[in-house]
Amino acid sequence: MVNAKTWTLRKHFVGFPKCSDFEMKEEQLPETKDGEVLFEAVFLSVDPYMRPYSAVHMKEGNVMIGAQVARVVESKNPSFPVGCYVVASTGWRTHSISDGKDLQLLLTDWPESIPKSLGLGTIGMPGLTAYYGLMEVCQIKDGDIVLVNAAAGAVGSVVGQIAKIKGFKVVGSAGSDNKVAYLKQIGFDEAFNYKTVSSLEEALKKCSPEGYDCYFDNVGGQFSSVALEQMRRFGRIAVCGGISLYNDTTKQTGPYVQTVMVFKQLRMEGFIVGRWKHKDEETLKQLMAWVKEGKLKYEEHITKGFENMPAAFMGMLKGENTGKAIVAV
Ligand SMILES: NC(=O)C1=CN([C@@H]2O[C@H](COP(=O)(O)OP(=O)(O)OC[C@H]3O[C@@H](n4cnc5c(N)ncnc54)[C@H](OP(=O)(O)O)[C@@H]3O)[C@@H](O)[C@H]2O)C=CC1
Ligand SMILES: CCCCC/C=C\CC(=O)/C=C/C=C/C=C/[C@@H](O)CCCC(=O)O
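- Under an unreviewed UniProt entry, the name given to the chain is Prostaglandin reductase 1, and the source organism is Acipenser oxyrinchus oxyrinchus.
- According to UniProt, the comment filed for the chain under the heading Subunit (unreviewed entry) is "Monomer or homodimer."
- Quoted verbatim from the Sequence similarities (unreviewed entry) heading of the UniProt record, the comment on the chain is "Belongs to the NADP-dependent oxidoreductase L4BD family."

Dropping the structure here:
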């Protein structure tokens, strides 16, 4: 018998999450049955989507949603032998049992030199999000100038680097001078600290006087209202997320998009990474190849200890992370 620790949503978040919104619990797992595997979490992901999704997909008392890279420790399923690593969406739990249907093996031939935690970041869901947002939604093409915000984070840092691999000019914004230095280090052409510029409009104009063709939006709200005005004709906006809105207790309102959308003939499209699931295997292989070739750099912000999951989650929402926010058990 194995005891699993879990983090549950004690109270729905109101505004910015608080420690008292979470509760750690322990449960005894049953014996595994034929076809089942028992696995233990090695790395867990904390992601922005957990904040808005909790309100829609969770009830108070539920285990917090989320993905982990886990090691199979007991197996009655030949597809997942003991010792193999899986990506599982079983939430904030140290141990889980599954019949394997919802498990994803890490890419085969994962090199020892590349941390398996990247299966939650650059070679996982955030990397896929960056790739599909640029290639499928923005449909980047020759000569495009790309803008991405939350650029030093898990998704944004991959967006900028893929755009550079493909030969485009890239501008990024982030919330500290250290993050701006990091963006320059990984190849962004221009980067600025959105918290310290005196005018966002001027900063965007200075970084690209010609304007922008592709805007990969992770932030939404006021940033987007200003950025839309800097788009070039026939520009494309991939609406990936709106982290500046997730903790609002009252909905923010306009300026509204219609005038600029019509005059500049813009295309704006929201998307969820799962739309291209059928392409995930080949895309993950491409991301892995770029990492191996040193073209796609990664950074991780690692918090140690399962007991620190809420702190890691709240820290990520506050911007403490450069690169992917991960908890190592
Ligand atoms: N549509 C989809 O399928 C998916 C969408 N997403 C979305 O992508 C975005 C980035 O996610 P991810 O890369 O995992 O997270 P990040 O690693 O970028 O971490 C979140 C970052 O958001 C920034 N941030 C927090 N509050 C604000 C604010 N008020 N204004 C501007 N920036 C803020 C912080 O960086 P800073 O210091 O720069 O402020 C923080 O580090 C999110 O909006 C997320 O919801 C992610 C995955 C899939
Ligand atoms: C302007 C408000 C927009 C609200 C949008 C909310 C969230 C956007 C977002 O971050 C979506 C993320 C979706 C992630 C989906 C993940 C799962 O399909 C798979 C998770 C497993 C894994 O990490 O591999």
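So, the overall build of the chain
Here's step 1: Within the chain, the regular secondary structure consists of 9 helices and 15 strands.
Here's step 2: Over its C-alpha trace the chain gives a radius of gyration of 20 Å, about what one expects of a compact globule, namely 20 Å for 329 residues.
Here's step 3: Overall size of the chain, expressed as C-alpha extent along the three principal axes, is 65 × 45 × 35 Å.
Here's step 4: Burial analysis of the chain (329 residues in total) assigns 42% to the buried set.
Here's step 5: Across the chain, the fraction of contacts at a sequence separation of at least 24, relative to all contacts at a separation of at least 6, is 62%.

Description of the site of ligand 1
Here's step 1: In the vicinity of ligand 1 there are 30 residues, among which Gly153, Val155, Gly175, Gly241 and Gly319 approach most closely.
Here's step 2: Residue assignment for the shell around ligand 1 shows that the elements contributing at least two residues are α2 (125–138), α3 (154–165) and α9 (309–318).
Here's step 3: Looking at the shell around ligand 1 element by element, the count peaks at 3 residues for α3.
Here's step 4: Residues belonging to the shell around ligand 1 are distributed by class as follows: 17 nonpolar, 11 polar and 2 charged.

Thoughts on the site of ligand 2
Here's step 1: Looking at ligand 2, there are 17 residues lining it, with Tyr49, Pro52, Ala67, Met125 and Gly242 nearest.
Here's step 2: A per-class count over the shell around ligand 2 returns 10 nonpolar, 7 polar and no charged.
Here's step 3: Here the shell around ligand 2 spans two domains, since at least three of its residues come from each of domain 1 (2–121 + 298–328) and domain 2 (125–274).

Structural notes on the domain arrangement of the chain
For an interface, size is often stated in terms of accessible area lost upon the parts coming together.
Here's step 1: Under the domain assignment used here, the chain contains domain 1 (2–121 + 298–328) and domain 2 (125–274).
Here's step 2: For domain 1 versus domain 2, the separation of C-alpha centres amounts to 29 Å.
Here's step 3: Taken residue by residue, the interface counts 14 residues in domain 1 and 16 residues in domain 2.
Here's step 4: Residue composition of the side of domain 1 that touches domain 2, by class: 5 nonpolar, 6 polar and 3 charged.

Comments concerning the sheet that holds strand β11 (residues 212–217)
Here's step 1: Read from one edge to the other, the open sheet built from 6 strands follows the order β10-β9-β8-β11-β12-β13, with strand pairing classed as parallel. Single-partner strands in this sheet number two, and they are β10 (190–193) and β13 (267–270). Ignoring strand direction, the axes of neighbouring strands in this sheet form an average angle of 15°.

Focus: the pairing of strand β12 (residues 231–239)
Here's step 1: As paired strands, β11 and β12 are joined by 5 bridges and run parallel to one another. In the strand pairing of β12, tyrosine 215 is matched with isoleucine 237.
Here's step 2: The parallel pair β11 and β12, bridged by helix α6 (residues 221–228), forms a crossover whose chirality is right-handed.
Here's step 3: Where β12 lies against β13, 4 bridges are found, and the strand directions are parallel. By the bridge assignment, alanine 238 is partnered in β13 with glutamate 269.

With respect to the environment of glutamate 112
Here's step 1: Here glutamate 112 is to be found in the loop between β7 (103–105) and α2.
Here's step 2: Sequence separation between glutamate 112 and glutamate 202 is 90 residues; the distance between their C-alpha atoms is 45 Å.

Thoughts on the packing of helix α5 (residues 200–207) against α6
The relative placement of two packed helices is expressed as an angle between their axes plus a distance between the axes.
Here's step 1: Contact geometry for α5 and α6: axes closest at 10 Å, N-to-C directions at 50°. Relative to α6, the element α5 lies oblique. For the crossing formed where α5 meets α6, the hand is right-handed. Taken together, the residues of α6 that come into contact with α5 (itself represented by Leu200, Glu201 and Leu204) are Phe223, Val226 and Ala227.
Here's step 2: Along the lines of polarity and charge, the residues of the contact of α5 with α6 split into 5 nonpolar, no polar and 1 charged.

Side note on α6
Here's step 1: Buried within α6 are the following residues: Phe223, Ser224, Ala227 and Leu228. What you see down the axis of α6 is that its buried residues fit within an arc of 125°, all on one side.
Here's step 2: Buried positions along α6 lie against β8 (145–148), α5, β11, β12 and α7 (258–263).

About the cut-offs
Residues numbered from 1 in each chain as written. Chains lettered and ligands numbered in written order. Predicted model: local features only at pLDDT ≥ 70, side-chain atom pairs only at ≥ 80, totals over all residues. UniProt positions renumbered as here; feature names shortened; annotations may be inferred. Helix = DSSP H or I, 4+ residues; strand = E, 2+ residues; numbered from the N terminus. Rg over C-alpha atoms; globule rule 2.2 N^0.38 Å. Buried ≥ 20, exposed ≤ 12 C-beta atoms within 10 Å, placed from the backbone. Contact = placed C-beta atoms within 7 Å. Near = placed C-beta within 6 Å. Nonpolar A, V, L, I, M, F, W, Y, C, P; charged D, E, K, R; others polar. Domains from an automatic or database assignment. Pairing = 2+ DSSP bridges. Axes fitted to C-alpha atoms, helices over the stretch in contact; angles between N-to-C directions. Right-handed = clockwise from strand over helix to strand, strands pointing away. Parallel < 35°, antiparallel > 145°, perpendicular 65-115°, else oblique. Left-handed = near helix turned anticlockwise from the far one by under 90°. Arc of directions from axis to C-beta.

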